[in-house]
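# Structural characterization, general
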Amino acid sequence: MSAVSRKLNAGKMEGAVKIALLSMVFFVSQINCQEGILHISNGKINRDYCIVHNHSWTPLPQTLDNATAYPLVNKISTLLCNSSGVSPEMVNGTALVVMRGKCDFSQKASIAESLGATTLLIASNTTLTTPSANESEYSKVHIPLALMRYNDILEAQQVFGEKMWIKLYAPPYSKIDASLAVILLIAITTVSLGGYWSGASESERLDAVATGRGKQDGEENKAGMLFVSPLKVVIFVAMMCGMLVLMYFFYSVLVYFFIAVFCIASAAALFNCISTVMDKIGCGTLSFSVGNRSLSARSLLLASVCITIAVIWAVYRNEDRWIWILQDLLGIAFCLNFLKTISVSNFKICVILLSLLLLYDVFFVFITPFFTKNGVSIMVEVALGPDASAEKTQGNMVKIPAEPQAPTEKLPVVMRVPRFSAWAQNVCGMQFSVLGYGDIIVPGLLVSYCSKFDAWINSRRKIYFVCCSLAYLMGMILTFAVMLLTQMGQPALLYLVPFTVITSAVLAACRGEMKQFWTGTPYQREELNTP
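## Thoughts on the packing of aromatic side chains
Using the criterion set out here, one finds 19 aromatic pairs in the structure. When the ring of Tyr 248 is compared with that of Phe 249, the centres are 5.2 Å apart and the planes differ by 85°; the resulting orientation is edge-to-face. What makes Tyr 248 partly exposed here is its relative accessible area of 21%. Judged by relative accessible area, which is 58%, Phe 249 ranks as exposed. The interplanar angle of 35° and the centroid separation of 4.6 Å between the aromatic rings of Phe 347 and Phe 517 together place this pair among those described as tilted. Separated by 170 residues along the polypeptide, Phe 347 in helix α11 (residues 347-367) and Phe 517 in helix α17 (residues 514-519) bring together distant segments of the chain. When sorted by exposure, Phe 347 lands in the same class as Phe 517, which is buried. Through a chain of ring-to-ring contacts, the aromatic side chains of Phe 347, Tyr 449, Phe 453, Trp 456, Tyr 464, Phe 517 and Trp 518 assemble into a single cluster.

This is how it looks when you write it as structure tokens:
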């Protein structure tokens, strides 16, 4: 009985430790952000505005329900560097908004507090930075202090008039955001579907060849590009390096060229993806003749829809609030079609291609910051646009433009999902979790090869495809884990390439098929017949 009791106690202790660790991770992941939300209401209309504060002053509540409502007194005509012109009877028990300038924040806050104000808002027509002071000054102020945009208070005056009630709060910012799960789902779904599509097409091609029907459309991938030699791979990677450097130096010109190319390529890819699905479910083509030409009503309608989606994205591509949905849809279709169209001939080519692209990724992410003027990597600046150097990181001083900035053009080369937990940050400016198309396509080429190899050896359980897809999933999870721990963007290929390549190689070695897997055994199904 004592042994059983000890086992039960050990089990309880282990469970308690796990719960404690999970609680610690969740607690640590909650960061007090420097952005906050100014909630203004008059009982009928509610608006949220961006504010910037400093927790060294009186901290703000984390939720709207816990925030206290105060009437707002608008005194933007004064700088509040002294108490002249502002009577205590006017501001006692209210939130006071004044203009920024001439004297420091602590002086304004001390005067506001002495007049009886409960909250001080400072309207700024210059960049909003985290309000700071000498360490000794923080303890002298006992009311919340925050900066807001001057234009926001003018807009609020027009919307609400003079009768405004405000609440200030700062929702905690979580490192672990649901957007990462959405990005992970997009990545693994796209890679798996692309690999499966490539393998299914190869199986159909092999069946056509076996029955003598595949002489023309069944022979090698004439519709796409096939990497068959190391030289082709080296030339391809060298071209990618050259293109990235050109984009860095001539971004403002080339970005529009790539936007146009993306619109055309993604519309064609979306058409191919949807058309393939409709063929699989047996949807009719509704063909008709015009003169000597036979046309498909389904294809014309589908092409119109796909082109319309691409055009809508092109027109509204800088609307951060919702256009990311269309960009991700077009990006998924683009990656799927790429994996279906571009293929590699054997595992040797896969290893060379993925290894060179891994070095390419690491060099342009980790090494190039030592050579750039602003210390931002070439990869990040090209992927996120010229304003990449303005990207904020937790723990740094927040800087928010006082005026809405004209959107800068960005290359459509990433999956974007808004950070759902970053409420305050999204009021000040949308925050996104991103994943580059290359982090899907490059490992996806190996997944596609594994799926085709399953077709070549007639593997009913798709063992290579399944294992490589799972390896990709584990590599993505490790990438996110390292990113969360270091609070730095990571070159995902640094983790994805070793996971997928090593897993595929170990599987082939354990099954005794490394020779065939390394050199490729296309169109020779009879050599192997494995489950």
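What follows picks up the thread again.
## Brief notes about the nonpolar core
Ranked by internal contacts, the top residues of the largest apolar core, which has 85 residues, are Trp 313, Leu 446 and Tyr 449. If you tally residues by element for this core, the top one is helix α14 (residues 438-456), at 11 residues. Setting aside anything within four residues of it in sequence, one finds Trp 313 in contact with Ile 259, Phe 262, Cys 263, Ile 323, Leu 326, Gln 327, Leu 330 and Pro 412. Core analysis: the next-biggest nonpolar cluster, separate from the first, contains 25 residues, Cys 50, Val 73, Leu 115 and Cys 428 among them.

## Describing the packing of helix α6 (residues 178-210) against α14
Where α6 meets α14, the axes come as close as 8 Å, and the angle between the chain directions of the two elements is 35°. Between α6 and α14 lies a crossing of right-handed hand. Of α14, the residues touching α6 (which contributes Ala 187, Thr 190, Val 191, Gly 194, Gly 195, Tyr 196, Ser 198, Gly 199, Glu 202, Ser 203 and Leu 206) are Ile 440, Gly 444, Val 447, Ser 448, Ser 451, Lys 452, Ala 455 and Trp 456. Split by residue class, the contact of α6 with α14 holds eight nonpolar, nine polar and two charged.

## Here's the deal with the pattern of salt bridges
Inspection of every chain in the model, using the stated rule, returns seven salt bridges. Here Arg 205 makes a salt bridge to Glu 202, at a shortest N to O gap of 3.4 Å. One end of the pair, Arg 205, and the other, Glu 202, are both in helix α6, three residues apart, so they sit about a helical turn from each other. When sorted by exposure, Arg 205 lands in the same class as Glu 202, which is buried. Taking the shortest distance from any N to any O, the salt bridge between Glu 513 and Arg 511 comes out at 3.3 Å. Looking at Glu 513, the relative accessible area reads 3%, which means it is buried. You can call Arg 511 partly exposed: its relative accessible area is 25%.

## Side note on the confidence of the model for the protein chain
Summing up the model confidence of the protein chain, the mean pLDDT is 83 and the portion of residues at 70 or higher is 85%. Looking at the elements of the protein chain, mean pLDDT is at its lowest for helix α1 (residues 2-29), recorded as 45, and at its highest for helix α16 (residues 493-510), recorded as 95. Note on residues 16-32: pLDDT is under 50 here. Beyond four places in sequence and across chains, it has 15 contacts. Every residue in residues 215-223 scores below 50 in pLDDT, and together they form 10 contacts with partners more than four places removed in sequence or on other chains.

## As for helix α7 (residues 230-249)
Taking 1.5 Å of rise per residue, 20 residues should cover 28 Å, and α7 covers 29 Å from first to last C-alpha, within 8% of that figure. Among the residues of α7, those classed as buried are Val 233, Val 237, Leu 244 and Met 247. In an axial view of α7, the angular spread of the buried residues amounts to 85°, which keeps them on one side of the axis. Summarising the geometry of α7, the exposed residues directed more than 90 degrees from the buried face are Leu 231, Met 239 and Phe 249.

## Let's talk about the sheet that holds strand β2 (residues 35-41)
One closed barrel accounts for seven strands, arranged β2-β3-β8-β6-β5-β4-β9; its pairing is mixed. Strand-to-strand twist of the sheet, defined as the mean angle between neighbouring strand axes without regard to direction, takes the value 40°. Inspection of the sheet shows strand β5 (residues 95-99) paired to strand β6 (residues 119-124) by five bridges, in the parallel sense. Its bridge partner being in β6, Val 97 is matched across the sheet by Leu 121. Against the sheet, helix α3 (residues 105-114) contacts β5, β6 and β8 (145-149), and its axis sits at roughly 140° relative to β6.

Scoring rules and cut-offs
Residues numbered from 1 in each chain as written. Predicted model: local features only at pLDDT ≥ 70, side-chain atom pairs only at ≥ 80, totals over all residues. Heavy atoms only, no water. Phe/Tyr/Trp six-rings, centres within 6.5 Å; stacked < 30°, edge-to-face > 60°. Buried < 20%, exposed > 50% of the residue type's maximum accessible area, 1.4 Å probe, protein only. Helix = DSSP H or I, 4+ residues; strand = E, 2+ residues; numbered from the N terminus. Core = buried A, V, L, I, M, F, W, Y, C linked by side-chain atoms within 4.5 Å. Contact = heavy atoms within 4.5 Å. Axes fitted to C-alpha atoms, helices over the stretch in contact; angles between N-to-C directions. Left-handed = near helix turned anticlockwise from the far one by under 90°. Nonpolar A, V, L, I, M, F, W, Y, C, P; charged D, E, K, R; others polar. Salt bridge = Lys/Arg side-chain N within 4 Å of Asp/Glu carboxyl O. pLDDT = per-residue confidence, 0-100. Expected span 1.5 Å × (residues − 1). Arc of directions from axis to C-beta. Pairing = 2+ DSSP bridges.

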